[in-house]
Amino acid sequence: MSETDTAPIDAAESAVRQPVVLQVLPALVTGGVERGTVEVAQALCEAGWKAIVASSGGPMVRELIRAGAEHVEMPLASKNPLVMRANVKRLERLIRERGVDIVHARSRAPAWSALAAANRVGVPFMTTFHGTYNLGGFGLKHWYNSVMVRGERVIAISEFIAEHARRIYGLAAERIRVIPRGVDLTKFDPNRVSQERIIQLANRWRLPDGYPVIMLPGRLTRWKGQKVLIEALAVLGRHDVRCLLVGSDQGRTGYRQELVDLIERRDLTHVVHIVDECNDMPAAYMLTDVVVSASTDPEAFGRVVVEAQAMGRPVIASDHGGPRESVLAGRTGWLTPPDDPHALAAAIGRFLDLSHEDRQRMADLGQAFVRANFTKETMCAKTLTVYAEILSGAAPVAQQDWLIDPERA
């Protein structure tokens, strides 16, 4: 897309007609879907549009309201067919009363209610496709998931997801808009992280000075690949590094114990440390020398990979899913075959052998790459452009390449 294509909607023009966008999702708890919803709502308000979000509520409602948007509570987290049917009437009434111009659904259960309500009123319906979703058996889940490709436009959070929607659900390419998730660079900025924050976190995690730090952020669940990294460190055979597995087990105490047992069996007790979820990830990245994403299943996007590069940290990620688009292989990090400890060990070894100058070049390019492609502002501007495209009544056309290589731009 050109700069014109991704520019925010003109505030003066939108203030005259003040179109109304209704975003629909299950709840406003903390998460990537919810964060994106709030950020887009704020961008709409700043552009002079009216933003409404319907959900069952949650801790991010206050943040949404502070951004100038309206929240309407209804039981949209429910998958009960009777509740979903009642939600059709609730949403239809809301669309009519508020003069909604576009309905934007971000999750399957509320999307079915939102689609029916939008069709009854005759307003455009669109979706954001956030993940691959389980297909299940007998075709029922395929049908249930298919609501996410029934919009006039379908935002895919990565080219990987766009291809999935084309291949599995037959979604026409001209209706897809690839808009990757955005990082807030006012938060993920190395210059904004004080030494006090870094020292405080290092003390809490009892990190000794002088050791290269490898970090894998992510909840403790099997597919995130913590075991792959532990095995890779055993293959590497170096005890002059420290590894942090940062994330909550979310009640998966059995898996956590499996990790502890594996660390002990591989004689890595002094190397690998499991720490709880961190509430200051920018400081955690600053403590780290290289960030690993060892997911054995494809990440739909892979926010950790982008956050790390924004903080000037090289990354090593599994060679599938979203990270194929958010890592410049060999330049801002490395891609290794999924579930391959030997390949991951080799990549860690390559990083540890880099000179300070090579690490700095990698960090600088990673930050430039994020600024060119993966900022919150870019995500919001492109989303508002999709809204304007729908309201203009323009026929859908295939999207041009969206990824910018800062060294080749």
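Before reading on, note that the structure itself is shown above.
Just so it is clear, the model here is predicted, and its values are computed rather than measured. (Residues numbered from 1 in each chain as written. Predicted model: local features only at pLDDT ≥ 70, side-chain atom pairs only at ≥ 80, totals over all residues. Heavy atoms only, no water.)

**Student:** Please explain the overall build of the chain as it appears in this structure.
**Tutor:** When helices and strands are tallied, the chain shows 16 helices and 13 strands. By the compact-globule yardstick of 22 Å for 409 residues, the chain fits well, its C-alpha radius of gyration being 22 Å. Referenced to the eigenvectors of the C-alpha coordinate spread, the extents of the chain come out at roughly 65 × 45 × 40 Å. Counting the 409 residues in the chain, one finds 55% classified as buried. Intrachain contacts of the chain at a sequence separation of at least 6 include 72% that bridge at least 24 residues. As presented, the chain carries roughly 17,900 Å² of accessible surface, and 49% of it is formed by carbon and sulfur atoms. Side chains of the chain give 49 positive and 48 negative charges; the mean places of these two sets differ by 6 Å. (Helix = DSSP H or I, 4+ residues; strand = E, 2+ residues; numbered from the N terminus. Rg over C-alpha atoms; globule rule 2.2 N^0.38 Å. Buried < 20%, exposed > 50% of the residue type's maximum accessible area, 1.4 Å probe, protein only. Contact = heavy atoms within 4.5 Å. Areas by Shrake-Rupley, 256 points an atom, 1.4 Å probe, with all protein chains shown as cover. Lys, Arg positive; Asp, Glu negative; His and termini not counted. Charge placed at Lys NZ, Arg CZ, Asp CG, Glu CD.)

**Student:** Would you explain helix α12 (residues 303–310) in this entry?
**Tutor:** A turn of α-helix holds 3.6 residues, and therefore any two residues three or four places apart point the same way. Counting buried positions along α12 yields six of eight residues, so the element is predominantly enclosed. Where α12 is concerned, the buried positions are V305, V306, E307, A308, Q309 and A310. Structurally, α12 contributes buried residues whose contacts are with α11 (281–287), β11 (290–293), β12 (315–318), α13 (323–326) and α15 (356–373). At the C-terminal side of α12, G312 shows a positive phi close to 75°.

**Student:** What is the right way to look at the pairing of strand β3 (residues 70–73) in this model?
**Tutor:** With four bridges connecting them, strand β2 (residues 50–55) and β3 associate as parallel partners. Looking at the pairing, A54 lines up with V72 of β3. Crossover connection from β2 via helix α3 (residues 61–66) to parallel β3: handedness right-handed. (Pairing = 2+ DSSP bridges. Right-handed = clockwise from strand over helix to strand, strands pointing away.)

**Student:** Mind showing me how you'd approach the pattern of salt bridges here?
**Tutor:** Think of it this way: side chains of opposite charge can pair up when their charged atoms draw near. Counted by the stated rule, this structure contains 25 salt bridges. The closest approach of N and O atoms between E389 and R153, which form a salt bridge, is 2.8 Å. Taken together, the positions of E389 in helix α16 (residues 376–392) and R153 in the loop between α6 (140–145) and β6 (154–156) put the pair 236 residues apart, joining distant regions of the chain. The exposure class assigned to R153 is buried, which follows from its relative accessible area of 3%. Each of K50, E70, E97 and R98 takes part in salt bridges that share partners, so that together they form one network. (Salt bridge = Lys/Arg side-chain N within 4 Å of Asp/Glu carboxyl O.)

**Student:** Could you clarify how one ought to interpret the packing of helix α9 (residues 226–236) against helix α14 (residues 341–352) in this entry?
**Tutor:** Packed helix pairs are characterised by how far apart their axes lie and by the angle those axes make with each other. The N-to-C vectors of α9 and α14 enclose an angle of 65°; their axes lie 8 Å apart at closest approach. Seen along the crossing, α9 lies across α14 with a hand that is right-handed. Facing V228, L229, E231, A232, L233, V235 and L236 of α9, the residues of α14 in contact are P341, H342, L344, A345, I348, G349 and L352. Split into classes, the residues belonging to the contact of α9 with α14 amount to 11 nonpolar, two polar and one charged. (Axes fitted to C-alpha atoms, helices over the stretch in contact; angles between N-to-C directions. Left-handed = near helix turned anticlockwise from the far one by under 90°. Nonpolar A, V, L, I, M, F, W, Y, C, P; charged D, E, K, R; others polar.)

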